[in-house]
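Inside the fold
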Amino acid sequence: MKKELEAPKRPHRKGRGGPTIRDVAKRAGVATTTVSRVINGAKYVRKDVREAVLKTMKELEYAPNTAARSLASTDGARIGLLYNNPSATYFSEFLFGALDESGRHGFQLAMEKCESGNFAAARAAIHKLMKGGLAGMVLPAPVCESAALIAELTQAGVSVVAVATGRFHGQTSSVHIDDFKAAYEMTNYLLARGHRQIGFVKGHPDHSSSHERERGFLEALRVADCPIDRKLITQGYFSYRSGLDAAEQLLSLPQKPTAIFACNDDMAAGVMSVAHRVGLTVPRDLSIVGFDDTQMAAAVWPALTTVHQPVAVIARKALDLIMREIQSRRAGIHIKPQDHVVAHTFVARESVAPPPPAAAGQARRTRK
């Protein structure tokens, strides 16, 4: 179900010299986003509407390139937000950042949900949003890695920013953390505490960030000359349920891991639940770490050691980039896609301890 959240309208300020995009829209009887699409040559504008806008621009002697300052306003711009992350805590923090930024700039947020990895559903949701007129679109992983969807949006004059993608592809601006580096640092932390039997719960296979986190984990093991046991690596899907399933698999192995690194906090919470249920004390018997530092990380007991991904900051930066691109489009200026890497931080809490003496001794004997 589509939800539209509109920030309070700010008082309109008249331009100082020459007609503005609002003057054109008012005279032509259309929305400012429609005028913007006409200026940018977008396809999704009826012929009669396009002709009326062009005629009005001529009558008002409106020149986009010389009116960049007037065009810079993004008041009322409609921004689409597609969401598919199964973690409710992640999405709530992302939405908080998005609403905060929309309030500052007067955006209107229009949201649609779709199942992760279902590109047909994603395309349908995007088309539904476009029918109402869009100036910009925030695309999550893995949808943001579809070249066809991005091309369709940009050809329609919609500014696009990708969020939480593992890699910058250059087709559109993106905002993300360095997932490889963050996972490498977390794995090194466990290695430094003496762990060698480290279980790893992978993120959703459709997300490039999941592959980057796994790559960082494996590289840290390789650099430390720690043998890689593929039985200790299991698939997760960023959901609490998949964390439960992964823990059941890992903790039923003949040689159990002494630590488990889950690729998000929801899955780590699932791992912790199973550990408690089978009688393991965290962290005395099993260390557990997560990723994201959502509210879930502090809600479980003991509190999770995790990687702080500033989700709200990422949302705010994504909308800020969209605002800048909309301003540039309306001013007739082309800007290159930007890759904005947001800094992550390591958060040490109570869920990690050195491995039990018996397990540490077994690991030493295995290496000999």
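In this structure, Ile79, Phe261 and Ile288 are the most contacted members of the largest nonpolar core, which totals 73 residues. Here Ile79 is in contact with Phe107, Gln108, Leu109, Ala110, Leu134, Ala135, Gly136, Met137, Val138, Leu319, Ile322 and Ile326, once residues within four sequence places are set aside.

Quick look at the side chain of His344 now. Inspection of the secondary structure assignment puts His344 in the loop between strand E12 (339-341) and strand E13 (345-347). Since its relative accessible area comes to 14%, His344 is described here as buried. The contact partners of His344, leaving out residues within four places of it in the chain, are Ile177, Asp178, Lys181, Ala182, Glu185, Val307 and His308.

The strand order across the open sheet built from four strands is E8-E7-E9-E10, with neighbouring strands paired in parallel fashion. Of all strands in the sheet, those bounded by a partner on one side alone are strand E8 (233-235) and strand E10 (287-289). Adjacent strand axes in the sheet meet at a mean angle of 15 degrees, parallel and antiparallel pairs treated alike. Across three bridges, strand E7 (residues 198-202) lies against E8 in parallel orientation. Residue pairing in the sheet places Val201 in a bridge with Thr234 of E8.

Within strand E5 (residues 159-163), five of the five residues are buried, leaving the element largely enclosed by the surrounding structure. Relative to E5, strand E4 (residues 136-140) is paired through five bridges, and the arrangement is parallel. Counterpart to Val138 in the pairing with E5 is Val161. Handedness of the crossover joining E4 and E5 through helix H7 (residues 147-155) is recorded here as right-handed. Pairing of E5 with strand E6 (residues 173-176) involves three bridges; the strand directions are parallel. By the bridge assignment for E6, Val161 is matched with Ser173.

Counting buried residues in strand E2 (residues 78-83) gives six out of six residues, a clear majority hidden from the surface. In E2, alternate side chains face the same way, and those of Arg78, Gly80 and Leu82 on one face and Ile79, Leu81 and Tyr83 on the other are all buried. Pairing of E2 with strand E3 (residues 108-113) involves six bridges; the strand directions are parallel. Bridging across to E3, Tyr83 finds its partner in Lys113. Across three bridges, the pairing between E2 and E4 is parallel. Looking at the pairing, Leu81 lines up with Val138 of E4.

Turning our eyes to something else, we now look at the packing of helix H10 (residues 240-250) against helix H11 (residues 265-277). Packing of H10 against H11 brings their axes to within 7 Å, and their N-to-C directions diverge by 45 degrees. By the angle between their directions, the pair H10 and H11 is classed as oblique. Where H10 crosses over H11, the two elements pack in a sense that is right-handed. Residue-level inspection shows Tyr240, Ser242, Gly243, Leu244, Ala247 and Glu248 of H10 in contact with H11, the latter providing Asp266, Met267, Ala269, Gly270, Val271, Ser273, Val274 and Arg277. The class makeup of the residues in the contact of H10 with H11 is seven nonpolar, four polar and three charged.

Turning to the packing of helix H1 (residues 21-28) against helix H3 (residues 47-59), a few remarks are in order. With their axes 9 Å apart at the nearest point, H1 and H3 run at an angle of 125 degrees to one another. Considering their axes alone, H1 and H3 lie oblique with respect to each other. Seen from above, H1 lies across H3 with right-handed handedness. Contacts from Val24, Arg27 and Ala28 in H1 reach Ala52, Val53, Thr56, Met57 and Glu59 in H3. Tallied by class, the residues present in the contact of H1 with H3 amount to five nonpolar, one polar and two charged.

Thresholds, definitions, all that
Residues numbered from 1 in each chain as written. Predicted model: local features only at pLDDT ≥ 70, side-chain atom pairs only at ≥ 80, totals over all residues. Heavy atoms only, no water. Core = buried A, V, L, I, M, F, W, Y, C linked by side-chain atoms within 4.5 Å. Buried < 20%, exposed > 50% of the residue type's maximum accessible area, 1.4 Å probe, protein only. Contact = heavy atoms within 4.5 Å. Helix = DSSP H or I, 4+ residues; strand = E, 2+ residues; numbered from the N terminus. Pairing = 2+ DSSP bridges. Axes fitted to C-alpha atoms, helices over the stretch in contact; angles between N-to-C directions. Right-handed = clockwise from strand over helix to strand, strands pointing away. Parallel < 35°, antiparallel > 145°, perpendicular 65-115°, else oblique. Left-handed = near helix turned anticlockwise from the far one by under 90°. Nonpolar A, V, L, I, M, F, W, Y, C, P; charged D, E, K, R; others polar.

So yeah, pure geometry; function would need other evidence.
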